[in-house]
Amino acid sequence: MRVLGIESSCDETALAVVSYTNGKPCIERNDIYSQTKEHEQFGGVVPELAARAHIDKLPLMVKDLPLDTLDAIAATTGPGLIGGLHIGYGFGRALALALNIPFYPIHHLEGHALTVRLTDQIDFPYLLLLISGGHTQIIDVQDFRKYKLLGETKDDSCGEVFDKTAKLLNLGFPGGPAIERTALNGDPLRYKLPCPFYRQPHCDFSFSGLKTAIRECITNLSASPLSRMIHQDVADLCASIQRTISTILIDRLTQALKIAPHQQIVVAGGVAANQYIRAHLNTFCEMQQRTLVVPPVKLCTDNAAMIAWTALEMMQRNINPDRMVPTPRWNLMELSHP
Ligand code: KG4
Ligand code: ZN
């Protein structure tokens, strides 16, 4: 079985071909056009520009793919920016119609949630920490389409802390990698930042208070006699933010393990690309005698291999494509069966 995946829910235009032969998955192509150039001058993703870039790039990227060998096409159908979703969905559905093969509308977060089964072939169940630009959730993944939400953010996402801080500090776009680079020379213990819900007996998150504290810290430092932050201040702040976020994630996972004490802990979503956070989660899992599984960096951030793979998970179980049309808000739990 060979599936073409299409991802266009935000600012990456991605196409991938994933096959599944004799019980083994294989990523044959994983192409990503990152729209950094289109958005960096605005310090964030501009939905209209993102949609236009998807229209421009998709036909070029599909050109030399082995279309006549495909068994199905899958495209991200939500959640995400509606313009981009319509383009990937319409493109994929039309192509599937022309090739006379099935079309699978895919939930973006299900793609992130199942990526480790593609890269590491792990079995269910596992505890999933999903940390992306749009979402921060802990999910008990009991089986395919048997998802139980244990906790989620009450306000901003984990990725937003990185993106908004990078914007305030003029570190560039996208924020996550910029903060990570800057933090390499910083002291993670210099600034004490708040850890909302610390040790509270539930699995929810809140990041708005941390964002406010970071803004205040930057304002105070900028008002110092030098009236600007020096390089070391910026590096120390970035390092302190990474440490604080690691502490928050580990604290919430500690609570989640009390409810769903699975052996395998999986981390997915763009923030999982952060090496500092990965290292801390790794140490935590070693102490808890759990196995940490994190996809390779290129498959943590948005990609189309995870979209093709989700369709392949359905095809292996003879599950028909969902009847779904592009939807900006779509709760992953709606796919779950009791
Ligand atoms: O999963 P993703 O690629 O897109 C969404 O579905 O949201 O996640 C994007 C988020 C952004 O907030 C970005 O700043 C963050 O992931 N991110 C990182 C890193 N790389 C991407 N955050 C921290 N460190 C990184 N290296
Ligand atoms: Zn994502």
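What you see is a predicted model, and the numbers here were worked out from it, not measured in a lab.

(A) Broad picture of the pattern of salt bridges. By the definition in use, this model includes 15 salt bridges. Measuring nitrogen to oxygen at the nearest pair gives 2.8 Å for the salt bridge that ties Arg317 to Glu313.

(B) Representation of the nonpolar core within the structure. Membership of the largest hydrophobic core comes to 49 residues, with the highest contact counts inside it found for Leu127, Leu129, Ile138, Leu237, Ile245 and Leu281. The set of elements that each furnish at least two residues to this core consists of β6 (126–131), α5 (158–168), α6 (175–183), α7 (208–222), α8 (231–259), β9 (264–268) and α9 (275–287). For this core, the leading source of residues is α8, giving 12 residues. Apart from residues no more than four positions distant in its own chain, Leu237 is found in contact with Leu169, Tyr191, Leu193, Ile214, Cys217, Ile218 and Met229. With 41 residues, the next largest nonpolar core counts Phe124, Ala305, Met314 and Leu335 among its residues.

(C) Seen up close, the coordination of the zinc ion (ligand 2). Taken together, the protein ligands of the zinc ion (ligand 2) are His108 (NE2), His112 (NE2) and Asp302 (OD), with distances of 2.1 to 2.2 Å. Considered as a linear motif, the donors of the zinc ion (ligand 2) on their single chain read H-x3-H-x189-D. Of the two residues, His108 sits in helix α4 (residues 108–119) while Asp302 sits in the loop between α10 (297–300) and α11 (305–316), which places them 194 residues apart along the sequence. Judged by relative accessible area, which is 7%, His108 ranks as buried.

(D) The site of ligand 1, seen in detail. The local shell around ligand 1 holds 18 residues, among which Gly133, Asp163, Gly176, Glu180 and Asp302 are the closest. Between His108 and ligand 1, the recorded distance is 3.1 Å, taken from a side-chain N or O atom to an oxygen atom. Within the contact set of ligand 1, an oxygen atom lies 3.3 Å away from a backbone nitrogen or oxygen of Gly134. Relative to its unbound accessible surface of 550 Å², ligand 1 loses 88% to contact with the protein. Those elements that place two or more of their residues in the shell around ligand 1 are α4, α5 and α6. Of the residues in the shell around ligand 1, the class split is four nonpolar, 11 polar and three charged.

(E) How the structure looks around the packing of α4 against α11. For the pair α4 and α11, interaxial distance at closest approach is 8 Å and the crossing angle is 80°. Our classification of the angle between α4 and α11 gives roughly perpendicular. Every residue of α11 that contacts α4 at His108, Glu110, Gly111, His112, Leu114, Thr115, Arg117 and Leu118 is listed here: Ala305, Met306, Ile307, Trp309, Thr310 and Glu313. Taken together, the residues of the contact of α4 with α11 break down into six nonpolar, five polar and three charged.

(F) Structural context of the sheet that holds strand β1 (residues 2–7). Strand order in the open sheet formed by five strands is β3-β2-β1-β4-β5, with mixed pairing between adjacent strands. Each end of this open sheet is capped by a strand with a single partner; those strands are β3 (24–34) and β5 (103–107). Adjacent strand axes in the sheet meet at a mean angle of 20°, parallel and antiparallel pairs treated alike. Note: strand β4 (residues 72–78) against β5, five bridges, orientation parallel. Bridge assignment links Ala75 to a residue of β5, and that residue is Pro105. Taken strand by strand, helix α2 (residues 47–61) contacts β1, β2 (12–21) and β3, and its axis lies near 40° from that of β2.

Conventions and cut-offs
- Residues numbered from 1 in each chain as written.
- Chains lettered and ligands numbered in written order.
- Predicted model: local features only at pLDDT ≥ 70, side-chain atom pairs only at ≥ 80, totals over all residues.
- Heavy atoms only, no water.
- Salt bridge = Lys/Arg side-chain N within 4 Å of Asp/Glu carboxyl O.
- Core = buried A, V, L, I, M, F, W, Y, C linked by side-chain atoms within 4.5 Å.
- Buried < 20%, exposed > 50% of the residue type's maximum accessible area, 1.4 Å probe, protein only.
- Helix = DSSP H or I, 4+ residues; strand = E, 2+ residues; numbered from the N terminus.
- Contact = heavy atoms within 4.5 Å.
- Donors = N, O, S within 2.8 Å, 3.2 Å for Na, K, Ca; no water.
- Near = heavy atom within 4 Å.
- Polar contact = N/O pair within 3.5 Å; in protein donor to acceptor, adjacent residues only side chain to side chain.
- Areas by Shrake-Rupley, 256 points an atom, 1.4 Å probe, with all protein chains shown as cover.
- Nonpolar A, V, L, I, M, F, W, Y, C, P; charged D, E, K, R; others polar.
- Axes fitted to C-alpha atoms, helices over the stretch in contact; angles between N-to-C directions.
- Parallel < 35°, antiparallel > 145°, perpendicular 65-115°, else oblique.
- Pairing = 2+ DSSP bridges.

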